[in-house]
Amino acid sequence: MSKQSFKSWYKSGEPGIWMSGGAVAIAVIMTIGLMAVIAVRGLGHFWPSDVIEARYSVPGQPVQMLLGELVQEEEVTRERLAGAGLPIPADAPEFMRRDLFKVGNRDLTGADFTWLVGDWLSEHKTPEDIVVLERREWGNFYGRLVNVQEAGKVVAEGDAAWAELQKRIERVDGLQAKLNKLHKGEIGAINHGLERLRLQERRLELDGQLSDQAKADLAAERAELNARYQGLEAELVALNAEFDRDSATFKAIDGREVNLTLGKLVHAYKPNAMGPLDKTGFYFAKLWEFLSDEPREANTEGGIFPAIFGTVMMTLIMAILVTPFGVLAAVYLREYAKQGAMTRIIRIAVNNLAGVPAIVYGVFGLGFFVYMVGGSIDRLFFPEAAPAPTFGTPGLLWASVTLAILAVPVVIVATEEGLARIPRAVREGSLALGATKAETLWKVVLPMASPAMMTGLILAVARAAGEVAPLMLVGVVKLAPTLPVDGNYPFVHLDQKIMHLGFHIYDVGFQSPNVEAARPLVFATALLLVLVIALLNFAAVAIRNRLREKYKALEN
Amino acid sequence: MTDLASANMNANTSPARIDFNTPALQRKRRIRAFKDHLTRWYVGVGGLAVLAAITLIFFYLAYVVLPLFQGASLTKKADYTPSWAAELGKPLLLSVEEQNEIGLFLDKQGQAVFFSVADGAERQRFQLPLPTGASISAIGEDQPGSQRFVLGLSNGQALVVQAGTKVSYPNDQKLVEPVLNYPYGNSPLTLDPQGRALEHVGVAAGDESLLLSASVGSEVLVLNVTEESNMFTGETTLTEERIALPQIADPIKAVIVEPRQQWLYVINGRATADVFNLRSKQLLGRYKLSEDGNVEVTSASLLLGGISLMVGDSKGGIGQWFMVRDKDDNFALKHIRQFQQGDAPIVQVSAEQRRKGFVALDQAGQLGVFHSTAERTLLIEPLQGGAQALALSPRANRVLSVDDKGEFHLQRLDNKHPEISWSSLWSKVWYETYDKPEYIWQSTAANTDFEPKMSLAPLTFGTLKAAFYAMLLAAPLAIAAAIYTAYFMAPAMRRKVKPVIELMEALPTVILGFFAGLFLAPYVENHLPGIFSLLILTPLGILLAGFIWSRLPENIRLSVPAGWEAAILIPVVLATAAFALSISPTLEVAFFNGDMRLWISNDLGITYDQRNALIVGLAMGFAVIPNIFSIAEDAVFSVPKSLTYGSLALGATPWQTLTRVVILTASPGIFSALMIGMGRAVGETMIVLMSTGNTPLMEANLFEGMRTLAANVAVEMPESELGSTHYRVLFLSALVLLSFTFVMNTLAELIRQRLRVKYASL
């Protein structure tokens with residue numbers, strides 16, 4: 001075999017083996033490669049990369065100064081660049097570099113990102129005094145700090161300004177936290193209370209019990225809430241004035257100066273002056289901010305906490321719904337139903353329902369749960385809110401119920417498999433000792449099948465967490481103003497719309513006005529979702545494997 | 001149970017044994033038995049309820065879809081003979097307003113009576129400002145729903161009347177009052193200077209001008225009235241301009257002005273239509289409205305939007321005609337479709353004011369309800385006591401008719417979804433303003449007289465196209481990988497590979513879609529030559545690697561045990577891919593003038609969308625691979641080992657054993673794997689939504705996008721109004737998806753079960 005010609009090698013069938021082996025290699029590479037790209041792009045986003053200052057000379061145009069972060073570089077043909085309308089000289093090399101820079105300053109220049117021909121850049125520098133500002137609106141700002149002002153008067157200039165700026169940003173952050181608390185906490189509670197009073201009044205009116213006494217009571221309560229609001233409002237005005245007190249002037253690379261109130265800044269940092277340690281610290285702070293903060297600027301900046309919260313909430317409710325029902329159906333099918341043609345048909349049907357397109361469940365959820373069930377609930381229990389729907393509109397509850405219907409076949413199939421694996425001998429042993437069927441089920445069969453149920457539940461949760469298509473119809477929105485859980489009665493708002501990680505990816509990546517700026521954030525969100533789902537799946541696999549080992553021991 | 005056993009069980013015979021029949025134990029036994037029963041019932045009822053709940057999805061979808069295919073029905077609401085009607089003559093015009101509250105009755109002498117539709121009580125009466133001695137000799141309506149009429153008078157003049165209602169809320173009570181306006185003045189406009197009675201009239205009011213046309217005998221008269229308002233005084237002045245058209249020999253039966261004021265249809269002779277171009281003032285052409293020489297045209301009117309002309313004939317047929325533009329930009333009146341009501345001549349065709357439907361009345365007093373786009377005959381029913389005039393309410397839910405004895409009949413018309421028929425969903429339909437029948441999905445538009453185009457054909461085509469390209473990638477890769485994993489791979493490697501594939505299966509599709517749409521699509525667009533060379537070079541690279549491996553010295557070859565080829569290939573595939581992508585710019589310069597995308601669209605003339613079928617194929621192929629893989633792998637792996645060993649023992653090589661024994665035995669399983677993969681590809685939503693442009697096209701082109709049924713539902717469902725036709729059609733597409741995947745999956749499952757039985761018997 002050592003010396004063979006290509007022909008005999010071909011005849012031996014080896015090529016087939018190698019080709020099929022290649023298919024495995026390709027599948028593995030595709031999966032790992034996808035994960036790697038998402039991980040690199042997602043995690044790289046938070047790293048404070050150096051800001052480059054360079055001269056950009058387009059042939060036939062005046063030289064411009066450029067300031068920004070290099071995001072991407074690629075080699076392209078001369079023709080492609082010429083096709084894009086750039087003045088490429090005829091003697092230019094066949095291949096040229098094209099760089100994507102994040103230059104920020106959207107309020108001044110109109111776009112965050114710009115494509116440049118790399119070959120026309122010269123004199124790359126990374127000056128230490130460059131400041132990067134993360135702002136609450138208009139994206140990042142790149143430039144130099146000129147001075148810091150308090151109520152319009154300059155308090156620090158030159159080298160001292162930076163320290164002063166940091167100090168004052170800290171102060172503003174404290175004020176911001178207070179303002180948030182006031183807005184979301186107390187004022188939110190008052191608004192909620194007022195709304196409840198309005199509904200109460202309407203309810204009494206509908207029931208024909210709106211007596212003068214009741215009216216007076218309601219008015220008194222309302223007056224009290226309004227009085228509390230007046231007090232808070234004064235506090236709010238004072239805080240806002242404090243908040244807007246300080247400002248700072250920055251100079252962009254084209255020489256224009258911008259004065260920004262510090263309330264508009266989230267962070268100010270000098271990436272070029274930071275050492276690796278500083279950068280690492282900054283990196284983790286940003287990562288934490290991503291996980292724990294609320295989104296800003298139409299979801300393209302800031303964090304994704306509401307989306308994480310919404311996903312977890314929805315999945316939790318789904319899990320609570322799906323487990324008992326799925327297990328009940330599986331126990332019935334395996335333990336109680338008479339095995340025959342009928343159970344076989346049911347089993348096939350249940351199996352197939354797991355393969356039905358998710359969007360079909362979304363359509364069903366919208367038509368049946370939202371419009372039919374929700375509409376009836378509204379007519380029966382919430383006539384006072386009409387015409388505004390309470391449960392007759394997509395929301396958390398319906399999203400969870402729809403996902404539960406979608407995931408219940410998964411739990412049934414997994415539990416059934418677990419039940420089928422329990423050796424007959426165990427069951428018969430229990431019955432022979434005089435236990436009734438119910439006792440055998442409760443004390444012997446179900447505990448033994450519990451890991452299988454766990455597996456089913458985990459798989460169901462994994463499927464539900466990653467599903468987006470049905471949710472678009474039954475309760476997930478791009479931006480929910482409040483979390484579904486808060487301090488106001490009844491604390492868990494099942495009728496509220498929620499945000500969702502998967503939908504967040506779709507929405508920010510495809511519906512956002514500034515896709516280029518949002519892209520890294522989408523990668524980071526995708527990474528988080530992949531990690532959660534991969535973790536859930538590996539947990540399910542691990543439990544399943546342990547289960548198999550256990551029964552092997554029992555069978556021998 | 002034998003006697004011996006029962007004797008032994010009897011506790012009383014032996015005092016040494018425990019007494020099991022104490023009252024406490026008996027009670028406990030009863031409770032236990034009760035609990036057992038309870039559990040049995042609970043599990044039975046609960047389990048069945050859960051199973052019923054998840055099958056509910058079928059029935060609910062069908063329940064929503066069903067009304068689409070129901071016909072129309074008429075229900076009697078009220079009959080009355082109002083006293084005021086007796087003093088008036090025959091109705092020239094009968095109409096009902098929006099709320100179905102007030103009706104309008106107009107007679108020859110210009111008496112307009114508004115009456116309550118429910119009981120016929122007179123609400124208000126107007127005398128139209130007709131010149132003394134003149135009576136109304138003809139009436140014509142502007143666009144359906146405009147409530148604007150032109151009255152042709154016996155003295156050759158014409159008066160434009162606008163009927164309407166005014167809603168006010170005095171004392172918080174809703175009050176609907178009828179009003180009659182004369183938008184072009186109270187005094188009639190002179191159409192025939194000779195003062196002959198106008199026999200037929202037509203009107204079209206545009207933004208600036210009013211076009212009136214009338215006929216006397218075989219003479220066509222056209223008057224263009226332009227309104228100009230003086231900027232300083234605010235007074236409006238009317239300028240009248242007479243348009244002279246070539247004359248016709250035959251007596252005229254109807255004149256209809258198209259609302260855009262471009263065409264004038266003059267029906268004359270037995271069944272001829274002369275179409276005049278009002279801009280160039282020329283005769284465009286003469287068209288025979290019927291091939292049958294005995295047929296005579298008995299009625300003609302416009303459909304909603306004023307594009308289609310509905311022509312009723314003496315044999316009960318109604319033809320739809322509209323102007324069609326050909327390739328050279330020439331217009332011609334074309335026969336689009338034909339409806340048949342009965343044998344009696346059609347006397348009136350009334351268009352619906354919200355949809356492209358119409359009702360027709362024939363001489364025998366039969367009412368026909370039709371829809372033009374769907375080519376549907378929804379109802380043909382005789383009206384009570386015949387009818388001499390008919391009014392269809394604006395919402396098309398009431399029919400008011402007056403019979404020969406002057407009795408009014410009010411009926412409710414239930415006709416919720418006339419737009420949908422088998423042909424409108426699945427066949428080519430000739431839509432208004434299109435030059436030929438086409439498959440189109442366009443469910444909504446801004447204007448109200450829009451013709452909904454709800455053909456599921458382009459969506460189904462898009463679905464199958466996306467699935468086809470996905471399967472093109474997934475089927476060979478997944479099956480080859482499954483065969484290798486099940487048959488050749490070393491168990492240690494198998495344990496490592498399977499979790500990777502399982503992870504691949506678990507990846508949320510939204511991530512694949514986003515990756516494809518945001519990363520892959522632009523990347524592929526910029527590296528097209530690289531991607532195509534990747535497709536060619538990878539198999540070659542693998543083969544080359546295999547061959548080189550076989551020529552390597554034995555000590556190297558033996559250091560890697562059999563069944564680890566795939567591991568060796570990972571760096572090979574990576575290197576090939578890197579090479580293929582790195583030569584992409586070079587290839588582009590060498591063969592495609594430096595830009596392959598431009599080359600495709602300019603030199604090949606193929607449209608290139610950034611998000612196209614190639615991207616969908618790659619992304620969805622990725623999603624489908626694990627589904628196919630796991631089932632195919634299972635099928636190959638469970639081929640009884642005795643078969644393989646037998647074949648190997650007889651001297652066959654592993655490859656021969658695989659192709660001649662293993663694959664043949666496992667082929668039903670592999671087939672069912674493909675079916676399940678297909679089912680998944682058909683129903684996938686997010687990937688298609690994100691990696692195509694979602695344009696409903698019917699192009700097999702690899703470089704163009706598509707819209708699938710599932711993506712269409714996701715896009716349009718949130719905006720669809722509850723209970724509307726659009727809503728139900730979206731449910732129908734969900735039902736189509738559900739049935740398709742369910743049938744595919746069931747078949748696959750049955751095949752697998754049979755295979756399992758076969759394996760067990762081997």
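Residues numbered from 1 in each chain as written. Chains lettered and ligands numbered in written order. Predicted model: local features only at pLDDT ≥ 70, side-chain atom pairs only at ≥ 80, totals over all residues.

Draft legend 1. Structural detail: the pairing of strand β15 (residues 252-257) of chain B. Residues and elements named next belong to chain B. Of all six residues making up β15, six are buried, and the element is well covered by its neighbours. Where β15 meets strand β16 (residues 263-268), five bridges bridge the pair, whose relative direction is antiparallel. Across the sheet, residue Ala-254 finds its bridge partner in β16, namely Ile-267. The antiparallel hairpin formed by β15 and β16 contains five residues in its connecting segment, where Gln-261 sits at a positive phi of about 60°. (Buried ≥ 20, exposed ≤ 12 C-beta atoms within 10 Å, placed from the backbone. Helix = DSSP H or I, 4+ residues; strand = E, 2+ residues; numbered from the N terminus. Pairing = 2+ DSSP bridges.)

Draft legend 2. Quick peek at the interface of chain A and chain B. Listed as interface residues are 88 residues of chain A and, on the opposing side, 92 residues of chain B. The leading source of residues in the side of chain A that touches chain B is helix α2 (residues 14-44) of chain A, at 21 residues. Of the residues in the side of chain A that touches chain B, the class split is 60 nonpolar, 20 polar and eight charged. (Contact = placed C-beta atoms within 7 Å. Nonpolar A, V, L, I, M, F, W, Y, C, P; charged D, E, K, R; others polar.)

Draft legend 3. View of the sheet that holds strand β19 (residues 297-302) of chain B. Residues and elements named next belong to chain B. Strand order in the open sheet formed by four strands is β19-β20-β21-β22, and the pairing between neighbours is antiparallel. If you trace the sheet from one side to the other, it starts and ends with β19 and β22 (331-340), each paired once. Pairwise comparison of adjacent strand axes, ignoring direction, gives a mean angle of 25° for this sheet. The sheet contact formed by β19 and strand β20 (residues 309-313) spans five bridges and is antiparallel. The partner of Ser-301 across the bridge, within β20, is Met-310. (Axes fitted to C-alpha atoms, helices over the stretch in contact; angles between N-to-C directions.)

Draft legend 4. Structural detail: helix α5 (residues 457-488) of chain B. Residue and element names in this part refer to chain B. Here α5 is 32 residues long and its end C-alpha atoms lie 44 Å apart, about the 46 Å a rise of 1.5 Å per residue gives. By the largest-angle criterion, Met-471 marks the main kink of α5, which is about 35°. Within α5, 26 of the 32 residues are buried, leaving the element largely enclosed by the surrounding structure. (Expected span 1.5 Å × (residues − 1). Bend = angle between axes of the 7 residues up to and from the residue.)

Draft legend 5. Broad picture of the UniProt feature "domain: ABC transmembrane type-1" (unreviewed entry) in chain A. With numbering matched to this structure, UniProt assigns "domain: ABC transmembrane type-1" (unreviewed entry) to residues 308-540 of chain A. With 73% helix and 0% strand, residues 308-540 of chain A has its two end C-alpha atoms placed 21 Å apart. (UniProt positions renumbered as here; feature names shortened; annotations may be inferred.)

Draft legend 6. Structural context of the UniProt feature "coiled-coil region" (unreviewed entry) in chain A. As annotated in UniProt, the feature "coiled-coil region" (unreviewed entry) corresponds to residues 215-242 of chain A in the numbering used here. Along residues 215-242 of chain A, the helical share is 100% and the strand share 0%, with 40 Å between the first and last C-alpha atoms.

Draft legend 7. Spatial organisation of the environment of Leu-406 of chain A. Residues and elements named next belong to chain A. Looking at the secondary structure, you find Leu-406 in helix α11 (residues 396-421). Judged by C-beta crowding, with 27 C-beta atoms within 10 Å, Leu-406 ranks as buried. Sequence-wise, Leu-406 and Lys-178 are 228 residues apart; in three dimensions their C-alpha atoms are separated by 43 Å. Among all residues touching Leu-406, those that are not within four sequence positions of it are Ala-358, Tyr-361, Glu-467 and Pro-470.

Draft legend 8. The environment of Gln-143 of chain B, seen in detail. Residues and elements named next belong to chain B. Following the sequence through the fold, Gln-143 ends up in the loop between β6 (136-141) and β7 (148-153). A residue is classified by how many C-beta atoms lie within 10 Å of it, and Gln-143, with 21 of them, is buried. In this structure the C-alpha to C-alpha distance between Gln-143 and Gln-353, which are 210 residues apart in sequence, comes to 8.9 Å. Contact partners of Gln-143, with chain neighbours within four places excluded, come to Pro-259, Leu-302 and Gly-306.

Draft legend 9. Here's a closer look at the domain arrangement of chain A. Residue and element names in this part refer to chain A. Partitioning chain A into domains gives domain 1 (52-126), domain 2 (143-273) and domain 3 (313-495). Computed from C-alpha coordinates alone, the two centres of domain 2 and domain 3 are separated by 43 Å. Between domain 2 and domain 3, the residue contacts involve six residues of the former and five residues of the latter. Residue classes in the side of domain 2 that touches domain 3 are distributed as three nonpolar, one polar and two charged. (Domains from an automatic or database assignment.)

Draft legend 10. Summary view of the environment of Asp-292 of chain B. Summarising the element assignment, Asp-292 of chain B is placed in the loop between β18 (282-288) and β19. In the structure, Asp-292 of chain B is positioned 254 residues away from Leu-38 of chain B in sequence and 78 Å away in space, judged by C-alpha atoms.

Draft legend 11. The sheet that holds strand β2 (residues 64-77) of chain A, seen in detail. Pairing in this open sheet of five strands is antiparallel, and the strands run β4-β3-β2-β1-β5 (chain A) from one edge to the other. Either end of the sheet is taken by a strand with one partner, and the two such strands are β4 (113-117) and β5 (121-125) of chain A. On average, adjacent strands in this sheet sit at an angle of 40° to one another, irrespective of strand direction. One ladder, built from eight bridges, connects β2 of chain A with strand β3 (residues 95-102) of chain A; its direction is antiparallel. Among the inter-strand pairings, Glu-73 of chain A is bridged to a residue of β3 of chain A, identified as Asp-99 of chain A. Helix-sheet contacts for helix α11 (residues 584-591) of chain B involve β2 and β3 of chain A, and the interaxial angle to β2 of chain A is about 70°.

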